[in-house]
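Structure at a glance
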Amino acid sequence: MKPVYLVEGKRTPQVKSGADLQDVAAPYLAHYLIRHLADKHGIPSDAVDEVIIGNTGTPAKYPNVGRVIALEAGLDKKTSGYTVHRNCAAGMEALSQGFIKIASGRSDIIFAGGAESMSQMPLLFSKKMTALFVDLMKAKSGMQKLALLSHFRPDYLKPIIAIEQGLTDPFCGLNMGLTAEKLARELGISRQEQDEFANRSHQRAVAAQKEGRFAEEILAITMGAKLDKVLAEDVGPRANSTVEGLGKMKPYFEKGTGTVTVGNACPITDGGSVWLMCSEEAVKKYNLKPMARMVDYHFHGLEPERMGLGPVLATAGVLKRTGLTLDQMDLVELNEAFAAQVIACQRVMKDKTLAAKWGLEDAIGEISADKLNVNGGGIALGHPVGSTGSRLVVTLAHELRRRKKKYGLATLCIGGGQGGATIIENLQN
Amino acid sequence: MQLTQLTFDVKDAIAYVGFGKYEKKSMTTLSRDAMEELRQIVTEIGVREKKKELKGVIFFSHKPGVFLAGVDVNLINSMKSEAEAARGAEQGQFLYNMIEDLRIPTAAVVDGVCLGGGLELSLSCDRIYASDNPKTALGLPEVMLGVLPGFGGTYRLPKKVGLPNALDMILTGRQVKGKAAFKMGLVEALLPTERMLELVPALLVKPVPSKKGGFEKTLERVATENFLTRKIVFQKAREKVLEQSKGFYPAPLKILEVLEAGAGKGRDAYLAMEAQAFGDLSQTVVSKNLQHLFFLTDKSKKLDNKEELPTVKRGGVLGAGVMGGGIAWLFANSDQAPIMKDLNQAALELGLKQASGNFASALRKRRMSEDDFNRKMRSITPTTSFEGFKGIDLVVEAVVENMDVKKKVFAELETKVRPDCLLTSNTSSLSVTEMASALQDSSRFAGLHFFNPVNKMPLVEIIAHPGASQQTLQTLYKWALDVKKTPVIVNDGPGFLVNRILAPYLNEAAYLLEAGISIADIDQAALNFGMPMGPCRLMDEVGLDVCEKVGKIMQQGLGVRALANPLSHKLTQTGALGRKNNKGFYLYDEKGKVIGKNPEVEALLPSKSISMDETQLQMRLFLPMVNEAAYCLTDKIIDKAATVDMGMIYGTGFPPFKGGLLSWADTEGADRMLAMMQQFAAEISPERYAPAPLLVELAQSRRKFYDL
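In this text, all values refer to a predicted model and were calculated from it rather than measured experimentally.

Before going further, it helps to examine the sheet that holds strand β8 (residues 137-139) of chain B. Residue and element names in this part refer to chain B. In space, the four strands of this open sheet follow the order β4-β6-β8-β9, with mixed pairing throughout. The open sheet has two edge strands, β4 (66-68) and β9 (176-177), and neither has a second partner. Bridge count for β8 against β9 is two bridges, and the pairing is antiparallel. Note that in β9 the partner of Ala-137 across the bridge is Lys-177.

Below is the structure:
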């Protein structure tokens, strides 16, 4: 395998859906990142082999949003572009495909990342209403149409919320929140633990914002109805967050008896992120100074109703593949889909008995709090599903560079019962 | 038949008359020779028709995207008298009548531009088929040259599309695209560009389908084709024409006259009137001046070595103010995805607001889709860093007007861009030559002065300095043409070209105010001269603080003849800055509409107002401009009078019907100008009205500015 360089990664600010970025269609959450990275590193518009974008919402207007992004970014029309979908890890899937293509010598320059406008996920008509529409279009006479319309019932109009369906596992029937509840129950994770974890996510994110630690990874985005406003910071981290405040929130998924609230889960979010990935040859040709090297990645499946433990198996897999240990990881970004799920991962990773339950020979090790999500995570920053997989790597690489550390692990759980993990090596000391 | 201009072939009993095969220019026009060949061809067709050898005639163009751009303007320009011009029109009419009188079906197959005499020819055919090429546009732009369509266009167009549509097209010169032309019934059908010549022969032999046009069309015809409503339509049109032309342009009124008087007349009688009107109009000073302007503009669009020059693909803007935002808009609108840099977010948002505002009206009028708006606005990258500037081909600096700041900016900028990136400053008042000294490589640097508002003002001054390379200047010229601006290359000097000539006009207005002439009288005199707005109103637009600053710079650079009147200083002291704070000579509402005079200004002016003869007043305003233009020629700011006229018309709205400042001066005569200058020098100010040596020389040698 040839080495694969992560030249530079950038991301949009992340904002809870229905707010500042709600009018920004998915292509525009990534196209400007590509244009910027190409400009900055002097990559000619006709030198890019491929654009690979993770996206799960599949906007009706942009079925292959990856190609649209390549064109909107101003890349040459010959640049191939496509979209990948691996639920929450779509962005990491994009990186993994870029990795394989460069490592195998097939490609030299790839833009890979993710873009997700969860604000713009659609409402759908019910099956009955859709059938009525189809029949109406087929009807030839006015009388036929009238006859058809007489079958109409008001409940036909009850919409199907695409995002709600998407967040429910079709195999086990559990909503993602309920899979977190299941882990909390089975591993004895208390509400207090979850709220403390969530609160720390906010505190760390707010501190990172205050110290300008996101400034280099975020590229300001144009927004507003007239497109005359600029947003340069995440909207989400709350400086006034307290454990007590979080404690007052009602369980959202398991009403009454549950422990998972909207406060200790990640919000539905809009955002995008992109990496410029290059081969050794391209690095030399364009005189690039890559931030990092992508060491390897791994995806792993498990039971859908415990999808939250995906990072455990994916991490074990990538460590095995690379021969590295968890201790060697200087920083870890583990996506905070739910506080309960992150805590569950930590527990299973360090406990031999639990690890064995999920088929591991031994415990993987402990991720200490001072290595894990040091600038906060999904609970404070949000989780734009198609983007998060690459966003984690963006944040990770920037923090490794700042700390002049070597290895970093980015991992996340994937709805449907999978986990993904990527290891990178910082090259800028 | 020996043909050098047109082609003539017969295939399957269909005659094909082709234009543009031998035309080397991008636009095919009808020259005298082409007209003669057309006459021979149509005569031949007539002969063969009688022998029953032909089933139909098709007129088409060999050149993709151009059917016919009209009669060669040189031909119109060469007519020396009303009678000669009328005779020329009659010859064209006779030829087009021959086409109309053919008994076999005739069709014009139009792909691309079809204007003036080209459309008139098409109208004399039984049918017009247009291609679905987005370039396809039909129109009668003669009014823009101060004449009317003289080859039967005013006779045939109303018959085809109805009076209201025809009036709109003939009076404004507006071009209609294929779809709109089909909707109004001007063209029979829209056909696929690549296949139209294959399809038309089959269509041609079918009878013309009767036009129903639906209830609406019938109603429109009934409404416009009776005596009373026609009278109202003409009355309304006349009012609108007067409002828009302010009576300066005779052609639109003449057009209305011909159309109205010609109602009910037979073809020959009508066409005789049309030819006469064409002859009369073609010899008016206004038409001559408009023709002059046409030639100047046409020439300015040509650049011989265009292919050899680099193409700007990406733009950059430093400073996101009103001008910076406007320039970012220009780049974005031309698909040159700019990076716009300023110091902070608030400043960047101002620039975005400016750009977004420039798109707003196109969006409102649906000339731009929501998607395109999104794409173009989002092609602007707002940033506070120089990251990404390596991707840029042309940077326009529009930061604060301060030499030290600009020098610092350029010294830094030079290290952030590629060595072949063009660097320019949108300064309006600072020395480009001095600014160039801040750069290691100043050969790629020049001034690039836009006028406010960028989206509306066509002119761009490209300002040279001794170190600038020819390639830099020419690449900027090419870029300006690409983004649909009108460029002029000028040398460095106080105020460059346009502001330098405009300054004495504004300065003199202040002296007149001081002498007791009212704001209203001064502005009205300028309006009656044909200016789009009076000098007081213009100073409000420019900004009184800017006027004060520019006045100082002119005085410093040009000496006593540019002695700045202190009025703008006094005004800014009262807090009146002009339109930017809705308070200048006039008061404005939030939308920028004048709501009255500013009492604080009136308090600064003499309480007793005196009146002055309007011509005298106009001379007081415009003579110093001519005088300064003479200095610009002597100082080699520009090398010919034509550049002054282009600059003043496209940069200040100097009346086009006067052909430009120096065309006007030439018409008036240098001797007369000199005499008045001398008189004003004696009576008003020996400094400000000291005649330029060049003006004296021209007067003495009885030469014109355009003779230089």
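Bringing the environment of Ala-198 of chain A into the picture now. Residue and element names in this part refer to chain A. Following the sequence through the fold, Ala-198 ends up in helix α8 (residues 191-210). Since 29 C-beta atoms lie within 10 Å of it, Ala-198 is described here as buried. Contact partners of Ala-198, with chain neighbours within four places excluded, come to Leu-246, Gly-263, Asn-264, Ala-339 and Ile-379.

This paragraph deals with the domain arrangement of chain B. All names here are of chain B. Taken domain by domain, chain B holds domain 1 (7-283), domain 2 (314-490) and domain 3 (499-707). Put simply, the middle of domain 2 and the middle of domain 3, counted by C-alpha atoms, are 29 Å apart. Taken together, the nine residues of domain 2 in the interface contact eleven residues of domain 3. Counting residues per element, the side of domain 2 that touches domain 3 draws most heavily on strand β18 (residues 486-491), at three residues. Of the residues belonging to the side of domain 2 that touches domain 3, the class tally is six nonpolar, three polar and no charged.

With 18 residues of chain A at the contact, the number on the chain B side is 18 residues. Elements represented by at least two residues in the side of chain A that touches chain B include exactly α1 (31-40) and β9 (229-231) of chain A. Considering every element that reaches the side of chain A that touches chain B, the biggest residue donor is α1 of chain A, with six residues. Per-class residue counts for the side of chain A that touches chain B are seven nonpolar, four polar and seven charged.

The predicted structure's coordinates, where accompanied by low pLDDT, should not be read in detail. Looking at chain B as a whole, its pLDDT mean stands at 94, while 98% of the residues score no less than 70. Prediction confidence for the complex, expressed as pTM and ipTM, is 0.92 and 0.90 respectively.

Let us look at the pairing of strand β5 (residues 106-110) of chain B. Residue and element names in this part refer to chain B. In terms of residue burial, β5 counts as a mostly covered element, since five of its five residues are buried. Here β5 shows a buried face lined by Thr-106, Ala-108 and Val-110 and a second buried face lined by Ala-107 and Val-109. By the bridge criterion, three bridges tie strand β3 (residues 56-61) to β5 in an arrangement that is parallel. Each residue of the ladder has a partner; that of Phe-59, found in β5, is Ala-108.

What counts and how
Residues numbered from 1 in each chain as written. Chains lettered and ligands numbered in written order. Predicted model: local features only at pLDDT ≥ 70, side-chain atom pairs only at ≥ 80, totals over all residues. Pairing = 2+ DSSP bridges. Helix = DSSP H or I, 4+ residues; strand = E, 2+ residues; numbered from the N terminus. Buried ≥ 20, exposed ≤ 12 C-beta atoms within 10 Å, placed from the backbone. Contact = placed C-beta atoms within 7 Å. Domains from an automatic or database assignment. Nonpolar A, V, L, I, M, F, W, Y, C, P; charged D, E, K, R; others polar. pLDDT = per-residue confidence, 0-100.

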